[in-house]
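# Structural overview for review
So you can see what is in the structure, the chains are spelled out below.
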Amino acid sequence: MPEEKTPISACRGQAGPGAAGALQLRSGLQQGPAALSAAARGRCCGSAARPGMAAAPEGGHVTEDLVRRRAEHNNGEIFSLEEISLHQQEIEKLEHLDKWCRDLKILYLQNNLIPKIENVGKLKKLEYLNVALNNIERIENLEGCEELKKLDLTANFIGELSSIESLKCNIHLKELFLMGNPCTEFEGYRQFVVATLQQLKYLDSKEIERSERIKALQNYPEVKWKIREQEQAYLLKRAREKEEAQRRIQERKDEKQKQMDSELGFDSPDSPQEKPSQAEGDGERERCRTVENDDEDRKFWEEPTPYTPESRLETHRYIEEKRRAKDNVRESKKREKTAWTLVTAEGKVLNVNVPKLHFSLKDDEENNQIILDLAVYRHLDTSLLDVDVQPTYIRVLVKGKPFQLVLPEEVKPDSSSAKRSQTTGHLVVTMPKAKEIILAKQKVSASIKHSDCNAQQKNTRRSGQVEKLEVDPSKYSFPDVTKIIQEKEQTGQGPIKLQPQKVTEVKKSCVDFENNEDVPPLI
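Residues numbered from 1 in each chain as written. Predicted model: local features only at pLDDT ≥ 70, side-chain atom pairs only at ≥ 80, totals over all residues. Heavy atoms only, no water.

### Remarks on the side chain of Arg238
Our working rule: We count a stretch as a helix when DSSP gives it H or I for four or more residues in a row; a strand needs E for two or more, and each element gets its number in order from the N terminus. What makes two residues a contact is simply this: any of their non-hydrogen atoms within 4.5 Å.
If you trace the backbone, Arg238 turns up in helix H8 (residues 220-264). With near-sequence residues (within four places) excluded, Arg238 lies in contact with Glu137, Thr308, Pro309 and Glu310.

Structure, rendered in structure tokens:
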């Protein structure tokens, strides 16, 4: 039996932000591939608290909404999806993808909390699977991925190296990545993998030469026996780590329960000495709680702990708990904001202008309605406005801030309408009055009626015939130029001569007109 190595412990706070802290703590203990493993572990510890990380699915499950959001490049269609990236989504179980995305060729699942490879056996077209930086401890359930060419298992917790024998069925597998796993520290690790998977071309980004494979096959029985022994030792160590993790979790639960009991308190409530200074007591209690939380955070992040799937999951749970607590505090502060008094206890409606907007209230007597023009911000989205018209008052919520105005008269809420100006952004609310007013018709004078009648007659005359200028000869002293030429008698012409007949009627000549024959006619 080989000598068992002591588990390497790391401080969460130093290893959390990135690989630098992990390498600094482990620099004197690990070299080569093991150092890379430590760096990868440091990254995955710190990834859970990354502020810019995308929103994770609720409960750590793969949901249809998540898959559709990550399938934007395919217009949100998941049945024909060939590539999808679900990295850094805090997924704790791999599921549903073999039913929803049967045509997947490339699947990225790195930097999650997946403990087991499952539910991917029906992805017959899958060529590349990336499950790096997860909690996987065994290679399994990949026999059905017939077209698998590349498998990335970097920085997981694979200690059962013999589980790679399940990849013999994947005849197209050319590249395999196992860097950062505990099995890479086993003696004869590379020889065992090269001899077991003869279809491989690259292992951990290094090409497998023909001479290397021949040598590995020659020493295969001896290497396999060594690998089995080291596996057994590793499994015993993992069992102890799991027990230690369970004990640590139970201790933390007990401490939390004691803390909750102390916060509830068994002191005598409503003591006379505490009543006068209730506000001061609340402030002091809040400050004490903040100090306790800071101490708890410091203790958690500075506590040395082995890097295991349990510690990684525990860190994730702790961060989620703190995040949820902050959200609850934020929501409680929002609810604790002083409510605006809109109606008094006696039922009197008040005029309120919390958003401090300019407005104008117009009484349109002609149309029997009241018009409110509220100077809402021009670029404010209309969905942030809520208009409530009541018979005696109107209330408008602008981004949750109330504007309330008592109306001078009772209006009809059902017949009211609200419109938004596209140029100024103002909100215009039209409210018809409840009392209808019948306006009396104005009396029209006789002269106006006479002029209207004359106008009507003129209009009808214009429509029927062409108007002619009428001249009263008795009112003018100048001669009538229309009668200068003496009218001639015209006779009808045709095949038969008719009696002479006058075509035009002779009108009465003017009194002052004299017919002078010396004056030539006007033609």
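### Some words on the sheet that holds strand S7 (residues 202-203)
For clarity, the threshold we go by: Between any two strands, at least two bridges found by DSSP are needed for them to pair.
What the seven strands build is an open sheet, ordered S2-S3-S4-S5-S6-S7-S8; its pairing is mixed. Of all strands in the sheet, those with a lone pairing partner are strand S2 (83-85) and strand S8 (206-207), marking the two edges. Here three bridges tie strand S3 (residues 106-108) to strand S4 (residues 128-130), and the two strands are oriented parallel to one another. Pairing of Leu107 across the sheet is with Leu129, part of S4.

### Notes on the packing of helix H6 (residues 189-196) against helix H7 (residues 210-218)
Going by this rule: Fitted lines through C-alpha atoms serve as axes, helices being fitted only where they are in contact, and the angles separating the N-to-C directions of these axes extend from 0 to 180 degrees. What sets the label is the angle itself: under 35 degrees gives roughly parallel, over 145 gives roughly antiparallel, 65 to 115 gives roughly perpendicular, and the rest give oblique. Classes in brief: Ala, Val, Leu, Ile, Met, Phe, Trp, Tyr, Cys and Pro nonpolar; Asp, Glu, Lys and Arg charged; the others, Gly included, polar.
Where H6 contacts H7, the two axes come as close as 8 Å, and the packing angle between them is 95 degrees. Between H6 and H7, the interaxial angle falls into the category roughly perpendicular. Contact residues: Arg190, Gln191, Val194 and Ala195 in H6; Glu212, Arg213, Ala216 and Leu217 in H7. For the contact of H6 with H7, the per-class residue count stands at four nonpolar, one polar and three charged.

### Structural notes on the nonpolar core
Side chains that are nonpolar tend, in soluble globular proteins, to be buried together. How we decide: The term nonpolar core refers to a set of buried residues drawn from Ala, Val, Leu, Ile, Met, Phe, Trp, Tyr and Cys, joined through side-chain atoms within 4.5 Å. Note on exposure labels: buried denotes an accessible area under 20% of the residue type's maximum, exposed denotes more than 50%, and partly exposed covers the range between, all computed with a 1.4 Å probe on protein chains only.
Grouped together as the largest cluster of nonpolar side chains are 52 residues, with contacts concentrated most on Leu142, Leu153, Leu161, Leu176 and Val193. Looking at this core, the elements that each hand over two or more residues are helix H4 (64-69), H6 and H8. Broken down by element, the residue count for this core peaks at five residues, all from H6. When residues no more than four places from it in sequence are discounted, the contact partners of Val193 are Leu161, Ile164, Leu176, Leu178, Leu200 and Leu203. Counting 18 residues, the second largest nonpolar core, distinct from the first, contains Leu357, Ile370, Leu374 and Phe403.

### Thoughts on the sheet that holds strand S11 (residues 359-364)
Spatial ordering of the open sheet is given by S11-S12-S17-S16, a layout of four strands whose pairing is antiparallel. The open sheet has two free edges, formed respectively by S11 and strand S16 (417-420), since each of these has just one partner strand. For this sheet, the mean angle separating the axes of adjacent strands, direction not counted, is 15 degrees.

### Considerations on the confidence of the model for the chain
Definition in use: Confidence of the prediction at every residue is given by pLDDT, a number between 0 and 100.
Mean pLDDT over the chain: 77, with 67% of residues reaching 70 or higher. No element of the chain has a lower mean pLDDT than helix H2 (residues 19-26), which averages 33, and none a higher one than S4, which averages 96. Note that residues 1-10 has pLDDT below 50 and, in this model, 20 contacts with residues that lie over four places away or in other chains. A low-confidence stretch, residues 502-507 stays under pLDDT 50, and its non-local contacts, those more than four residues away or across chains, total six contacts.

### Things to note about the pairing of strand S12 (residues 369-374)
Counted residue by residue, S12 has five buried out of six residues, so it is predominantly covered. Here S11 runs beside S12; their pairing, made up of six bridges, is antiparallel. The partner of Leu361 across the bridge, within S12, is Leu372. Judged from the six bridges that link them, S12 and strand S17 (residues 427-432) form a sheet pairing that is antiparallel.

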